[in-house]
Amino acid sequence: MIKTVLGIILILSTSMGCQLLEDRKVFDYGMYNSSFGIFDFGFYEVPQSLDVTKDCAIYVTGTTSKMHDPTDYLFLKFTSDGKLDNAFSDNGHMMFDIDAGIDEGNQILLTDDNKIIIGGRSNHGVDIGTVLFDYSLAKFNDKGVLDKSFGGEGKVITDFGYRDDAINKLIPNNEKTFYAIGRASNGKDDDFAVARYDFDGNLDYSFNSIGRVWIDFGMSDDVAYTAKKTKQGDIIIGGSSNSGATPKVAFAKIKSDGSLDTSFGDNGLKVWKFSPPGLVYDLDIIGDDVYALGHGMSQVWSLTKGILSYDYRRNPNTSFVHYLQTDAVINSGNSGGPLLNEDGEIVGVSTLIISPDKYYVGYGYVIPAPLVQRAVSQILATGKHIKP
């Protein structure tokens, strides 16, 4: 179990051009046997998201608590050699309390100035037996010190007006602002929710005049889990829209001012019903340029360019369905290397090719990065990974 955790973290770190070890072949997994218990704060820990900096530092966020206490943000930092960073907070880990009640850290965003923003939800009371939650954010420097210029005290709570708001995804917009995507109640059920903030924690009021947008699909609960910014500056949002107990795949597209792009789908919205029921945890834009990095055919640190040509490909030899397809050149030696987009973000991890002679003929398969991230979270929380 420990080996699998570090193996996945090693993949993601190497994917950023990092080199955890000089030969990249031998890793001292035994060093983790004694330190893995550091995650035990006394009750439970649920890692939710991770990211890797350009200098190979690894940040993990999630939810944790001590016995009988409400949950708090969980925040961990590893160095490039896979050890907890003792210079970060309390020997590489910390619990952070947004408010006196329940706090959950769902997403992490690294900023260009080497700061870290965590987003999730925090409860602010109870209404007729229902726990009330708001969007919550906190910002730290690379030592784990709260950045008190963010929101005036290092943290921000945004109430969409009703009972249950939560951030599920953070994405940058430009050098001045970022988006927080998730869900918010409209008083009856949940809608897709989007807020835009500047990096000081202030709502951007040029976005829908109030800095926030609700997107209602007209059914029951709608929940956004992911989003992608297009080259034109629009945002495509993916998640689920429920009708009774049956979730449907749901997408929405909004312009940079927060209005729906009515040229997309049905007046800006699109819902599909699948059997079995489904939802969207991640999305990519087909046709975007991508870059495969690795040691293809023993050519060290080679970089090849292609496009993202298909989503949800099936491996003909297994039941695993969710591969991305690319025509970027992938050969022996690329497996475990990253597929990057034009912003240098990891799209996925190269894993196999479809070919009659074991050499590239134009069909490369890639495991989406969010699936790798979720595998890390599952292993850290439960000691095992349940394959899709």
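As the structure is a computational prediction, the values presented were derived from the model and not from experiment. (Residues numbered from 1 in each chain as written. Predicted model: local features only at pLDDT ≥ 70, side-chain atom pairs only at ≥ 80, totals over all residues. Heavy atoms only, no water.)

**Here's the deal with the sheet that holds strand E10 (residues 177–185)**
In any sheet, the strands associate via hydrogen bonds between backbone groups, in a parallel or an antiparallel arrangement.
Then, in step 1: Ordered by their spatial adjacency, 4 strands build an open sheet running E9-E10-E11-E12, and the pairing between neighbours is antiparallel. In this open sheet, the two edge strands, each paired with only one partner strand, are strand E9 (166–172) and strand E12 (212–215). Looking at each pair of strands side by side, their axes are set apart by 20° on average, direction ignored.
Then, in step 2: Pairing between E10 and strand E11 (residues 190–198): 9 bridges, direction antiparallel. Among the inter-strand pairings, Ile181 is bridged to a residue of E11, identified as Val194. (Pairing = 2+ DSSP bridges. Helix = DSSP H or I, 4+ residues; strand = E, 2+ residues; numbered from the N terminus. Axes fitted to C-alpha atoms, helices over the stretch in contact; angles between N-to-C directions.)

**Things to note about the side chain of Asn186**
Then, in step 1: Along the polypeptide, Asn186 turns up in the loop between E10 and E11.
Then, in step 2: When its relative accessible area of 19% is taken as the criterion, Asn186 is described as buried.
Then, in step 3: One polar contact links the side chain of Asn186 to the main-chain amide nitrogen of Lys188, over a distance of 2.8 Å.
Then, in step 4: In this structure, Asn186 is in contact with Tyr162, Asp191 and Asp216, ignoring residues within four places of it in sequence. (Buried < 20%, exposed > 50% of the residue type's maximum accessible area, 1.4 Å probe, protein only. Polar contact = N/O pair within 3.5 Å; in protein donor to acceptor, adjacent residues only side chain to side chain. Contact = heavy atoms within 4.5 Å.)

**Digging into the environment of Phe192**
Then, in step 1: Turning to its location among the elements, Phe192 is positioned in strand E11.
Then, in step 2: Sequence separation between Phe192 and Asp221 is 29 residues; the distance between their C-alpha atoms is 8.7 Å.

**Focus: the pattern of salt bridges**
Then, in step 1: A full pass over the atoms with the stated rule returns 10 salt bridges.
Then, in step 2: One salt bridge connects Lys77 with Asp85, and the closest N-O pair in it is separated by 3.4 Å.
Then, in step 3: A relative accessible area of 8% means that Lys77 is categorised as buried.
Then, in step 4: Asp85 gets classed as buried once you look at its relative accessible area, which sits at 13%.
Then, in step 5: Across the pair Lys139 and Asp147 runs a salt bridge whose closest N-O atoms are separated by 3.9 Å.
Then, in step 6: Here Lys139 falls in the buried class, since its relative accessible area comes to 4%.
Then, in step 7: Residue classification places Asp147 among the buried positions, given a relative accessible area of 13%. (Salt bridge = Lys/Arg side-chain N within 4 Å of Asp/Glu carboxyl O.)

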